[in-house]
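Results of the structural survey
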Amino acid sequence: MLPAALRRWLRRPKRSDPRLLSQFFFADERVTQVVAEINGLDAELDPQQYLVLLNQLHLSQAHLLAILERIMEECIPTQRHSRDYLVKFPEELLVDNLGNHMLFAAECLLAGTFLEVEEADGAQLRPQARNLLCSLELVRTVLREQSLSQPGSYPEPVRAVLVQFDRLFAEFELSYVSSLVAVKSPEEIYRQQEIIVLFCETVERALRLGYLTQEMIDGYEPLLMFTIPRLAIISGLLIYPEGPLSLEQSPEQMSRVFSPFYNLLKKIRDLLRVLSEEELCLLERSLCTAESEDPCGPATPPAWGAAVPRADPPAPWGLLEVPCAAPPPRTCMAWLGPPGAVDDVGTDWQWSSTKDMLHTLFVCISGVADQLQTNFASDLRSILKTVFKIVASQAEPSEEPGASQKEDGDPCAADAPRVADCPLCSSPAEAAGLQRAAGTHRLPEWVPDSTCSQCSACRSPFTLLRRRHHCRSCGKIFCARCSPHTAALPHYGQPKPVRVCTHCYAAHLSPTPRRAQSQ
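Just so we're clear, the structure is a prediction, and the values are computed from it rather than from any experiment. (Residues numbered from 1 in each chain as written. Predicted model: local features only at pLDDT ≥ 70, side-chain atom pairs only at ≥ 80, totals over all residues. Heavy atoms only, no water.)

Before going further, it helps to examine the packing of aromatic side chains. Evaluated as defined, the whole model comprises four aromatic pairs. Considering the side-chain rings of Tyr220 and Phe388, the 5.1 Å spacing of their centres and the 55° angle between planes classify their relative orientation as tilted. Of the two residues, Tyr220 is situated in the loop between helix 8 (214-218) and helix 9 (224-239) and Phe388 in helix 15 (residues 377-391); the sequence distance between them amounts to 168 residues. The class of Tyr220 is partly exposed, set by a relative accessible area of 22%. (Phe/Tyr/Trp six-rings, centres within 6.5 Å; stacked < 30°, edge-to-face > 60°. Helix = DSSP H or I, 4+ residues; strand = E, 2+ residues; numbered from the N terminus. Buried < 20%, exposed > 50% of the residue type's maximum accessible area, 1.4 Å probe, protein only.)

Counting through the fold element by element, Tyr492 comes out in the loop between strand 3 (485-489) and strand 4 (494-500). The exposure class assigned to Tyr492 is buried, which follows from its relative accessible area of 10%. Residues Tyr492 and Pro444, spaced 48 residues apart in sequence, show a C-alpha to C-alpha distance of 8.6 Å.

Taking 1.5 Å of rise per residue, 22 residues should cover 32 Å, and helix 14 (residues 354-375) covers 31 Å from first to last C-alpha, within 8% of that figure. Among the 22 residues that make up helix 14, 16 are buried, leaving the element largely enclosed by the rest of the structure. (Expected span 1.5 Å × (residues − 1).)

Oppositely charged side chains can form a pair if their charged atoms are brought close together. Inspection of every chain in the model, using the stated rule, returns 15 salt bridges. Its salt-bridge partner being Asp17, residue Arg19 comes within 2.8 Å of it at the nearest N-O pair. You can call Arg19 partly exposed: its relative accessible area is 40%. Relative accessible area serves as the criterion here: at 14%, Asp17 is assigned to the buried category. Between Glu69 and Arg80 there is a salt bridge, with its nearest N and O atoms 3.1 Å apart. Placement of Glu69 in helix 3 (residues 47-75) and of Arg80 in the loop between helix 3 and helix 4 (98-110) is noted, with a sequence separation of eleven residues between them. (Salt bridge = Lys/Arg side-chain N within 4 Å of Asp/Glu carboxyl O.)

What follows deals with the nonpolar core. Counting residues in hydrophobic clusters, the biggest one holds 55 residues, and the most contacted among them are Phe199, Phe258, Leu265, Ile268, Leu272 and Leu283. For this core, the secondary structure elements donating two or more residues are helix 7 (186-209), helix 8, helix 9, helix 10 (262-272), helix 11 (277-287), helix 14 and helix 15. Apart from residues no more than four positions distant in its own chain, Phe199 is found in contact with Ile228, Pro229, Ala232, Leu380, Ile383, Leu384 and Val387. By size, the runner-up hydrophobic cluster in this structure holds 44 residues, among which are Ala105, Val158, Phe165 and Val177. (Core = buried A, V, L, I, M, F, W, Y, C linked by side-chain atoms within 4.5 Å. Contact = heavy atoms within 4.5 Å.)

A separate point is helix 9. Of all 16 residues making up helix 9, twelve are buried, and the element is well covered by its neighbours. All buried positions along helix 9 are accounted for by Leu224, Thr227, Ile228, Pro229, Arg230, Leu231, Ala232, Ile233, Ile234, Ser235, Gly236 and Leu237. Buried residues along helix 9 sit against helix 7, helix 8, helix 10, helix 11, helix 14 and helix 15.

At Tyr220, a position not held by glycine, the phi torsion is positive, near 50°. Backbone geometry places Arg459, a non-glycine residue, at a positive phi of 65°. By secondary structure assignment, the location of Arg459 is in the loop between helix 16 (428-438) and strand 1 (469-470). Since its relative accessible area comes to 45%, Arg459 is described here as partly exposed.

Quick look at the structure:
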């Protein structure tokens with residue numbers, strides 16, 4: 001009978017084994033090793049080494065949790081605990097290392113340390129933290145034994161401990177985050193969804209009237225963070241008065257994003273009602289501008305009385321620098337007078353000119369919209385992110401006759417097709433070089449992830465939701481919207497369809513690899 005330690009050594013998997021349980025075995029072994037080094041170190045004698053080991057522990061635990069997450073997705077995909085509560089969390093908490101942070105918080109609570117929560121909340125969370133850590137130790141033990149016996153299967157006892165750990169982890173995560181920040185109630189989430197609908201309808205109307213263009217939406221113009229909320233205030237007060245900005249309801253019934261501006265919104269609505277259609281169009285166009293001077297300011301030439309044809313292109317776009325664009329709400333309210341002063345705007349309030357009224361509306365609407373960026377930045381960012389995902393156009397495969405390359409001969413630089421605003425075609429010579437590479441077996445230069453922070457085509461920055469994707473034809477990095485195509489690349493040893501960017505698909509691939517996709 002062989003000793004247990006010898007049997008364990010003989011059965012241990014190889015590091016090259018790609019199976020998840022084998023990877024878990026070595027990740028778990030690394031965590032155990034670092035913990036043993038920390039326990040054997042005197043932190044007072046060598047504090048620097050202690051900090052180094054503590055950082056290694058956090059990294060190794062994060063790696064272990066990542067593998068464990070993949071194991072649960074493979075083993076119990078239909079039995080996972082619901083994570084719908086994540087929609088209640090502020091956006092800044094939804095990061096990749098949230099799970100590792102929860103594990104570290106549970107360890108601190110079990111040790112009697114309250115780093116982020118009040119002592120009373122910590123006392124209530126401690127039983128959940130204890131159950132979570134005990135469940136994690138059980139999972140590690142069971143998965144270690146399974147990796148030494150049958151690393152390719154998940155028997156029922158393994159599934160049971162994974163289901164229990166997943167449930168305890170989700171319950172602790174929700175309870176711990178709720179003790180740190182004010183999570184949204186179901187009613188507030190519903191109100192926020194109503195605002196998303198209002199913003200989407202506002203964008204569709206702005207596109208129809210020519211205030212915005214689809215290219216601005218697809219390019220994620222930074223100025224839209226200001227323009228869309230401004231136009232949404234007008235839409236919510238005039239165009240869709242029964243929506244989330246309905247002033248027939250009490251402030252408590254409105255979303256917490258707009259409820260602080262309830263009284264100011266009423267005065268803005270009363271002023272908007274007296275505008276003609278041409279004046280309203282002029283006001284909305286001025287809210288879309290980003291010039292160095294206030295377009296509604298006194299220095300504006302007296303062309304404000306003329307109607308602006310809706311077929312005209314929108315005003316120039318750039319960095320927003322409106323000196324009076326974001327005053328505090330009370331300043332705008334002071335301009336509009338005491339409560340009730342605007343009940344009958346046409347008679348009780350004497351305006352020196354329509355220009356002054358438009359200027360006041362411009363500053364007040366801009367002030368409310370820009371205050372949202374300061375007071376509710378997380379909520380507004382989440383709302384606009386969803387709006388962009390809904391209204392952005394979907395890239396369609398380009399099958400124009402001129403998009404294909406010549407199948408025979410070496411194309412010259414003058415004949416190389418070019419795509420507007422594409423860095424791959426910065427010059428005809430570069431386009432020709434890509435075509436020549438496509439005719440050889442030389443692999444393209446693979447751009448490292450660490451050197452690229454934005455899409456090579458649309459220049460959108462990469463985020464948690466906007467992931468990096470390599471084009472197998474040119475090696476550059478794109479977002480999913482700019483690399484939606486697949487094509488076979490036999491000249492690179494890729495007989496099966498692989499991901500390629502829109503530009504390579506349309507300009508640098510011959511019809512033969514593209515036909516492989518349809519077949």
